[in-house]
Amino acid sequence: MLITGNVIDEFDKPISNASISLKNTTDGNILTYAFSNSDGYFKLKEIDACEECMLEISSLGFEKTTIPLINISFPIKVKLLLSSTTLETVIINTRKKILIKKDTITFRTKHFTDGTETVAEDLLKKIPGISVSDDGTIKIGNKEVEKVMVEGDDFFEKGYKTLTKNLPAAPIEEVELLKRFSNNKLLKGIEESDKVALNLKLSDDAKRKWFGNIDLGYGLASQNRYDARANFLNFGKKNKYYFFTNLNNVGYDATGDINNLISSSSYGEPGSIGDNQNGNKLIDLTNSIPYFKESRFKFNNAELLSLNAIFNPNAKLKIKTIGFANWDEVSFFRNSTDTFLANQTNFTNTEDYTLNSDYVTLFGKLEISYDISKNENISIISKYSNTDENKSSSIIFNNTPILQGLENATNRFDKKISYSNKITKNKAFLTTVRYINEKAPQQFNVSQNNFTTFFEGSESSDTINQNGAFDYQFLGIEAHLLDRKKNGNLFELKLGNSYREDEFSSILNLETSLNLQDFSNDFNYTVNDTYLSSKYLYTLSSKWSITGDVGLHYLQNDANNISSLNDKVFFINPSIATAIEFNDRNKLSAQYSLTRRNATVNEIYPSFALAGFRNFSRGTGGFNQLDAANASLSYTLGNWTDDFFATAFITYAKAFDFFSTNSTINQEFTLNERVLFKDSERWSALFTFDRYFKFIRSNLKGTFSSSKNNFSNIVNTATRDIDTRSNNIGFELRSGFKGIFNYHIGSTWRTSTVASEGIENDFTNNKSFADFSLLFSDKFNIKIQGERYYFGNLETDNTYYFADLESQYTLKKNKIILSVSGKNLFNTEVFREFSISNLGTSTTEYRLLPRYILGKVTYRF
């Protein structure tokens, strides 16, 4: 039976967005639902004949109507009468309990969880439409969430991983998905926003009183492993407190990318001046493995303490404080064999690498928000962070032992003052002032001189050391007017000025006294940008809009040691975009822009600087603006709550000017110089879908991505054209059974190809996983996780298996939980991978954390 019809009002005019639900008259359950389009037309998916069913039709401002499905033929015409009351919510009970209210979709967590979740991140992984990556990044479809709030208040902005990796899951009663989210409450309904955010709502038992948990875990069988954490929370009406701590040496990252907390960015939205400002580092000793779970290779000893509070002394004033301290000791081990093949040069280097790192990070934030009136607000945000890194590495490079030492100290102060005025219901004005000061000195030393053929008269036993720093100051002021017209059009005007001063210094010393003037930098670079931006969103209809944006920039540049500097530049950055909503389930958008940007300090510094134990680098020694064009096309099929939801995204980028490298490479050392090339292209495509299968109560997610890039570089005096291609395809299937058993399985294939000089290298790798949960009772459950990695270009040892197990027993409901977990049960000690680049191939072996068993006690209060 196909159910179709039209919804009209008393004057026979169509009613759009009316809710049409097919209900079972026996139990009241909704069997399927739809919404009327702009013409009032609706169509429900085809079902079997149902005499015990009825249609329920409702719309905001109209009386609800029910129609029994007895002796009725379709299509039908439904007339709704005006009502003095309004119906604002629609409850949908198809897959799960979901509540829709305008731009908010609420998921009631008890219908998605099984009690095995420990922290908020575990819970969010089970919410339909929400994906959580291995590093904790949360996305709705293909868009990362703006923030994760608790009871409407935000502590950590883009550093939300600190919250979701620590907040206990048990008290979370609802998850709200907020569409068209505005960071500024006075801009809601005025600005054009496609942002999404999450709000975690707590149970009534957890509100207005202290609650939390204490977890204590220690290795069994004489293993010196520990994992301890504690959360103390109080979310009252006026004040909110969240204190937490974590101590572990099991490789667990309790913070996520800490830079998202220190320099949270919402660049492009009103009042976000300065959000695109970041510091630079000349040298960084890395300790990561791409596409591999960090907790398997991270030998750590971490301590974390965070004290956070929100105070509301009165209805107009809100004070937010964040205090954060993190200490970590990390060890990292790898062995690599790198084969270089370019410009008829061929050699192989071997490297045994051990890195020990000590980190201390301190962060504080004070945010004061005061409502001058109902439509006026002033906000003052102050941030301070201090990060000290001490790294030491032991290397055996081609059988020669080398010691490295690196000290990084980054101090950052960030002050932002914003004034917002909602002049009328549809018009707002913002003024923002921002000041950032960051100092980042580095000290680097190497026990072995690999540059004896380069520095004549030096000895291989010479110690090399370099003192350097990338410091900068930023000052910006911006005024922004937004005017939403009655017909839905939006006019924006932005006027601002930003000033940035970079200071880069590097001083190289060799034990043998030599003239190293060409290997030292004392470089000062300033950019003053005065800009005017005009943007207009024109709505051709309720379903179709076109947006035009023109940015005018007048740059004044200054730099010492560069005689060719073009110190005054005027340019225009235009863009155009369109969005079409064919109906409630089909949406298309496209965008095209031309951009010009300034070269940055790390791209133009004039002299060589040491960038590693065997390589030097330097910038162009000149000044350039770089031009580019970007185009994108996206298509969306379905909505968040549909059984099928899919997105497709295609981008094309043309760099008319781009920086590449001119490299001199031999077996002992490498010299890299920035050079300017013309014309580089990049294509990329992404397709994702979600499909819920009701008959097996499972959700299938699929992803396909592809990219192609071409560029040029110079290696040993030869100019090379390089083409790179990559393809990823993956799927995962997650069940939502209400019984004893649930599963989550998936697999991803990655293929990469690099072609240059008639030589082509490629590889295909695979990662598969299978997770199972067994809920034997309300008191006892078991989780089993399995992973398989396959590397197609390794002739031996190309397949690796991992297994983890965790069991929980509730000794006292909502109070005491006992658990035992085992990691790396197959005791895989090393992990090898194969990678390619435009310079050759690399085979790398990493040391992994050995098998361990952890016993844990959790106390909730």
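Every chain begins its residue count from 1, and numbering advances along the sequence as written. Only residues with pLDDT of at least 70 are given local features in this predicted model, and only at 80 or more are side-chain atom pairs given and counted; all residues enter the totals for whole chains, interfaces and linings. The side-chain values count all of the structure's non-hydrogen atoms but skip hydrogen atoms and water molecules.

Let's talk about the overall build of the chain
Each helix is a run of DSSP H or I of at least 4 residues and each strand a run of E of at least 2, with the numbering of both proceeding from the N terminus. Of regular secondary structure, the chain possesses four helices and 47 strands. For the chain, the C-alpha radius of gyration of 30 Å lies close to 29 Å, the compact-globule estimate for 861 residues. Expressed along its principal axes, the backbone C-alpha trace of the chain runs to roughly 100 × 70 × 60 Å. Here the term buried applies to any residue with accessible area under 20% of the maximum for its type, exposed to any over 50%, and partly exposed to those in between, with areas from a 1.4 Å probe on protein chains only. Each of the 861 residues in the chain was classed as buried or not, and the buried ones make up 49%. Using C-alpha atoms as the atom set, the radius of gyration is obtained and then compared with a globule rule of 2.2 Å times the number of residues to the power 0.38.

Re the packing of aromatic side chains
Two aromatic rings, taken as a pair, are described by how far apart their centres are and by the angle between their planes. Only rings of Phe, Tyr and Trp enter the pairing, Trp through its six-membered ring, and a pair is recorded when the two centres are within 6.5 Å. The plane angle decides the type: under 30 degrees is stacked, over 60 is edge-to-face, the rest tilted. As enumerated under the stated definition, the model contains 51 aromatic pairs in all. Plain terms: the ring middles of Phe299 and Phe333 are 5.4 Å apart, the flat faces sit at 90° to each other, and that makes the pair edge-to-face. Of this pair, Phe299 sits in strand E20 (residues 299-311) while Phe333 sits in strand E21 (residues 317-342), and the two are 34 residues apart along the sequence. There is no split in this pair, since Phe299 and Phe333 are both buried. Considering the side-chain rings of Phe523 and Tyr525, the 6.2 Å spacing of their centres and the 20° angle between planes classify their relative orientation as stacked. With relative accessibility at 2%, the residue Tyr525 sits in the buried group. Only when the NZ of Lys or the CZ of Arg is both within 6 Å of the ring centre and within 35 degrees of the ring normal is a charge said to sit over the ring. Cation over ring: Arg229 sits above Tyr252, and NZ or CZ is 4.8 Å from the ring centre. Over the aromatic face of Phe333 sits the side chain of Arg847, whose NZ or CZ is 3.7 Å from the ring centroid.

With respect to the nonpolar core
As used in this record, nonpolar core signifies buried Ala, Val, Leu, Ile, Met, Phe, Trp, Tyr and Cys residues forming a set joined through side-chain atoms within 4.5 Å. Within the largest apolar cluster, 59 residues are counted, with the highest numbers of intra-cluster contacts made by Phe523, Phe616 and Phe831. If we skip the residues at most four places from it in the chain, Phe831 touches Ile289, Phe292, Tyr789, Phe791, Tyr800, Phe802, Thr844, Glu845, Tyr846 and Leu848. Counting 43 residues, the second-largest nonpolar core is a separate cluster that includes Leu124, Ile140, Ile172 and Leu202. Two residues qualify as a contact provided that any one of their heavy atoms is within 4.5 Å of a heavy atom in the partner residue.

Notes on empty space enclosed by the protein
The pocket and cavity definitions rest on a 1 Å grid over protein atoms only: a 1.4 Å probe that fits but cannot leave marks a cavity, an open set with protein on both sides within 12 Å along at least five of seven lines marks a pocket, and residues lining either have an atom within 4 Å of a point. Grid points are joined across faces, edges and corners, and a volume is the space filled by probe spheres set on the points. Using the criterion set out here, one finds five cavities of 30 Å³ or more in the structure. One number sums up the size of the largest cavity: a volume of about 90 Å³. Around the largest cavity, the lining is made up of 13 residues, and of these Leu341, Ser756, Ile759, Asn761 and Asn838 lie nearest the centre. When contributions to the lining of the largest cavity are tallied by element, the ones reaching two or more residues are strand E40 (741-756) and strand E41 (759-775).

Description of a nonpolar patch on the surface
Each patch is built from residues that are more than 30% exposed by relative accessible area and take part in no salt bridge. Like charges join if they lie within 9 Å; nonpolar side chains (Val, Leu, Ile, Met, Phe, Trp, Tyr) join within 5 Å. Using a 1.4 Å probe, the Shrake-Rupley method yields the accessible areas, and only the shown protein chains count as cover for residues. Any carboxyl oxygen of Asp or Glu within 4 Å of a side-chain nitrogen of Lys or Arg constitutes a salt bridge here. Taken together, the side chains of Ile740, Phe741, Phe772, Phe776, Ile784 and Leu805 make up a nonpolar region of the molecular surface, amounting to roughly 470 Å² of accessible area. The topology assignment puts Leu805 in strand E43 (residues 799-812). Leu805 sits in the partly exposed class, given a relative accessible area of 33%.

Side note on the sheet that holds strand E5 (residues 53-58)
Pairing is antiparallel in the open sheet, where four strands are placed in the order E3-E2-E5-E6. Both edges of this open sheet fall to strand E3 (30-35) and strand E6 (65-68), since each of them pairs with a single strand only. The average angle at which neighbouring strand axes cross in this sheet is 20°, direction not considered. For two strands to pair, DSSP has to find at least two bridges joining them. Pairing geometry for E5 and E6, over four bridges, is antiparallel. Its bridge partner lying in E6, Met54 is registered against Pro68. Every angle, taken between N-to-C directions, lies between 0 and 180 degrees, and every axis is a line fitted to C-alpha atoms, over only the stretch in contact when it is a helix.

Comments concerning the sheet that holds strand E13 (residues 143-144)
Spatial ordering of the open sheet is given by E11-E12-E13, a layout of three strands whose pairing is antiparallel. Of all strands in the sheet, those with a lone pairing partner are strand E11 (130-132) and E13, marking the two edges. One ladder, built from two bridges, connects strand E12 (residues 138-140) with E13; its direction is antiparallel. For Ile140, the partnering residue across the bridge sits in E13 and is Lys143.

Let's talk about the environment of Ser58
With respect to the helices and strands, Ser58 occurs in strand E5. Judged by relative accessible area, which is 6%, Ser58 ranks as buried. With 222 residues separating them in the primary sequence, Ser58 and Asn280 have C-alpha atoms 57 Å apart.

Focus: the side chain of Glu787
Mapped onto the secondary structure, Glu787 falls in strand E42 (residues 780-791). Glu787 gets classed as buried once you look at its relative accessible area, which sits at 8%. Engagement of the side chain of Glu787 in a polar contact is seen with the side chain of Arg296, the distance being 3.1 Å. Residues in contact with Glu787, not counting those within four places in the same chain, are Lys293, Arg296, Lys767, Ser768, Phe769, Tyr800, Tyr801 and Phe802. Throughout this description, a polar contact denotes any pair of N or O atoms lying within 3.5 Å of each other; where both atoms belong to protein, one of them has to be capable of donating a hydrogen while the other can accept it, and for residues adjacent in sequence the pair is counted only when both atoms sit in side chains.

Re the pattern of salt bridges
The final tally for this structure, using the stated rule, is 46 salt bridges. Between Lys188 and Asp103 there is a salt bridge; the shortest N-O distance is 3.7 Å. Residue Lys188 is found in the loop between strand E15 (172-179) and strand E16 (196-202), and its partner Asp103 is found in the loop between strand E9 (97-101) and strand E10 (104-108); the two are separated by 85 residues along the sequence. Assessed through its relative accessible area of 41%, Lys188 is described here as partly exposed. You can call Asp103 partly exposed: its relative accessible area is 23%. Between Arg434 and Asp275 there is a salt bridge whose closest N-O contact spans 2.8 Å. Highlighted residues: Arg434 in strand E25 (residues 427-439) and Asp275 in the loop between helix H3 (259-262) and E20, separated in sequence by 159 residues. The buried category is assigned to Arg434, whose relative accessible area is 4%. The class of Asp275 is buried, set by a relative accessible area of 10%. Connected through salt bridges with shared partners, the residues Glu157, Lys320, Lys365, Glu367 and Lys383 form a single ionic network.

Structural notes on the environment of Arg500
Following the sequence through the fold, Arg500 ends up in strand E28 (residues 490-510). Judged by its relative accessible area of 14%, Arg500 falls in the buried class. Between the alpha carbons of Arg500 and Gly274 there is a distance of 9.9 Å; along the sequence they are 226 residues apart. Residue contacts for Arg500: discarding those within four places in its chain leaves Gln277, Asn278, Asn280, Tyr472, Gln473, Phe474, Tyr525, Thr526 and Val527. Engagement of the side chain of Arg500 in a polar contact is seen with the backbone oxygen of Asn278, the distance being 3.1 Å.

Observations regarding unusual backbone geometry
One can expect most non-glycine residues to show negative phi and most peptide bonds to be in trans. Positive phi, close to 50°, is recorded for Arg697, a residue that is not glycine. The topology assignment puts Arg697 in the loop between strand E37 (670-693) and strand E38 (698-715). One non-glycine residue, Asn827, lies in positive phi territory at about 55°. Among the structural elements, Asn827 can be located in the loop between strand E44 (816-823) and strand E45 (830-837).

A word on the pairing of strand E33 (residues 609-612)
In terms of strand pairing, E33 meets strand E34 (residues 615-618) through three bridges, oriented antiparallel. Within E34, the residue paired with Leu610 across the bridge is Phe616. Count of turn residues in the E33/E34 antiparallel hairpin: two residues.

Observations concerning the confidence of the model for the chain
Mean pLDDT over the chain works out to 89, with 96% of the residues at or above the 70 mark. pLDDT expresses how confident the predictor is about each individual residue, on a scale running from 0 to 100. In the model of the chain, strand E8 (residues 90-93) stands out as the element of lowest mean pLDDT, 43, in contrast to E25, which has the highest, 96. Note that residues 84-96 has pLDDT below 50 and, in this model, 37 contacts with residues that lie over four places away or in other chains.

Topic: the side chain of Asp154
Note that Asp154 resides in the loop between strand E14 (148-150) and helix H2 (161-164). From its side chain, Asp154 meets the backbone nitrogen of Glu157 in a polar contact 3.0 Å long. If near-sequence neighbours (up to four positions away) are discounted, Asp154 is found in contact with Lys147, Val148, Met149, Ile310 and Lys320.

Focus on the pairing of strand E22 (residues 345-373)
Where E21 meets E22, 26 bridges bridge the pair, whose relative direction is antiparallel. Residue pairing in the sheet places Phe333 in a bridge with Thr354 of E22. Here E21 folds back onto E22 in antiparallel fashion, the turn holding two residues, of which Asn343 has a positive phi close to 55°. One ladder, built from 22 bridges, connects E22 with strand E23 (residues 376-397); its direction is antiparallel. Counted as the bridge partner of Thr361 is Thr387 from E23.

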